[in-house]
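Letter by letter, the chains look like this.
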Amino acid sequence: MRYSFKKLLPSVAVALALAGVSLPMPTRAQTYPIDCAILLCLSGGWPASVPCARARAEFIRRITPWPVEPPLQIWRCPMGASYEIEPQPSGTNRTFDAFFWTDNVRPRQSFPMIRQAPEVMAKTAVWSVDETSNEFVPVELALRLVQDRADIDISGPEFNFVRSIRVFDVRFASQQETGENNQCRRYALVYLGTYGTQGKFSWAVSAPTALPDAHVGLEGWGSNCPSVFNRSVFVDWRDYAGNYGFEQVDY
């Protein structure tokens, strides 16, 4: 079953902004898993808000060596999660509601019929967050329904923005003339990371010629042998509306 993303996008900027300004500071950074924020903010073109600024910073941190990680780890965003007894048509809407609710409106956990004091039985469902923690979601309680891909069907065109993400890891690329005959020597090791139909991330060997035009540092590669050298990680994407974006980290 496919889940529509269209109805969610118009409210992304507003809801993320409200989450960033209406909550106390210790709670504000911990009311959503960071990969859900990356997913929503990336799809909406990184709207201006505190949660989206945090999400983009983490997105870039992950491609900053070392190690180079998948910038979006969609398997860490439980899009099938819900606090509702009766499932609704849109899994993404349920995810958005679940992770932007504050503690005082979260549903209460159910317990067997045993004799316990009311204050012992009344506990918040799913997890409790320590306000002194810097983690978005406690590692030991993180919801991971699937290990390496989305936990819902994202094969539809509304999730093309996920599959548009490309990560070029230029371990090294060198071109120069050497020897008495000024022979052109080229050495390169480039990997390309992409997302599959259901959001699984994988690496494959690539080449400098596959780098997008927006990449900087290898101009003249393959022609007239100008001396060039580059080590970088380059990520590009297209948001839900098809707008192009990219980031490059040189090292």
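Quick summary incoming for the structure in this document. (Residues numbered from 1 in each chain as written. Predicted model: local features only at pLDDT ≥ 70, side-chain atom pairs only at ≥ 80, totals over all residues. Heavy atoms only, no water.)

### Concerning the state of the cysteines
Note on terminology: disulfide describes a covalent bond linking the sulfur atoms of two cysteines. Enumeration according to the criterion identifies 3 disulfides in this entry. The partner cysteine of C36 in its disulfide is C77, sulfur to sulfur 2.1 Å. Residues C36 and C77 share a disulfide whose torsion about the S-S bond is about 110°; that sign makes it right-handed. Of the two residues, C36 sits in helix α3 (residues 34-43) while C77 sits in the loop between α4 (50-62) and α5 (91-100), which places them 41 residues apart along the sequence. An identical accessibility class is assigned to C36 and C77; each is buried. Two residues, C41 and C52, share a disulfide whose sulfurs are 2.1 Å apart. Handedness of the C41-C52 disulfide follows from its S-S torsion of about -85°: it is left-handed. Of this pair, C41 sits in helix α3 while C52 sits in helix α4; the two residues are 11 residues apart in sequence, bridging distant segments of the chain. As far as burial versus exposure is concerned, C41 and C52 are alike and both buried. Along the protein chain, the cysteines that take part in disulfide bonds pair up as 1-4, 2-3, 5-6, counted in sequence order. (Disulfide = S-S within 2.5 Å. Helix = DSSP H or I, 4+ residues; strand = E, 2+ residues; numbered from the N terminus. Buried < 20%, exposed > 50% of the residue type's maximum accessible area, 1.4 Å probe, protein only.)

### Quick notes on the packing of α3 against α4
The geometry of α3 relative to α4 is characterised by a closest axis approach of 9 Å and an angle of 100° between their N-to-C directions. By the angle class used here, α3 and α4 are roughly perpendicular. Contact with α3, carried on its side by I34, D35, A37, I38 and C41, involves C52, R54, A55, E58, F59 and R62 of α4 and no other residues of that element. Here the residues of the contact of α3 with α4 are counted per class, giving 7 nonpolar, no polar and 4 charged. (Axes fitted to C-alpha atoms, helices over the stretch in contact; angles between N-to-C directions. Parallel < 35°, antiparallel > 145°, perpendicular 65-115°, else oblique. Contact = heavy atoms within 4.5 Å. Nonpolar A, V, L, I, M, F, W, Y, C, P; charged D, E, K, R; others polar.)

### Brief notes about the packing of aromatic side chains
This structure, assessed with the given rule, holds 10 aromatic pairs. Between F201 and W203, the ring centres sit 5.2 Å apart and the planes meet at 85°, which makes this aromatic pair edge-to-face. By relative accessible area, F201 is classed as buried at 11%. Taken together, the aromatic side chains of F168, F234, Y244 and F246 make up a single cluster linked through ring pairs. (Phe/Tyr/Trp six-rings, centres within 6.5 Å; stacked < 30°, edge-to-face > 60°.)

### Points about α4
Taking 1.5 Å of rise per residue, 13 residues should cover 18 Å, and α4 covers 19 Å from first to last C-alpha, within 8% of that figure. Within α4, the full set of buried residues consists of P51, C52, A55, E58, F59 and R62. Buried residues along α4 cover an arc of 125° about the axis, so they all sit on one side. Its side-chain oxygen placed 3.2 Å from the backbone nitrogen of C52, S49 serves as the N-cap of α4. (Expected span 1.5 Å × (residues − 1). Arc of directions from axis to C-beta. Polar contact = N/O pair within 3.5 Å; in protein donor to acceptor, adjacent residues only side chain to side chain.)

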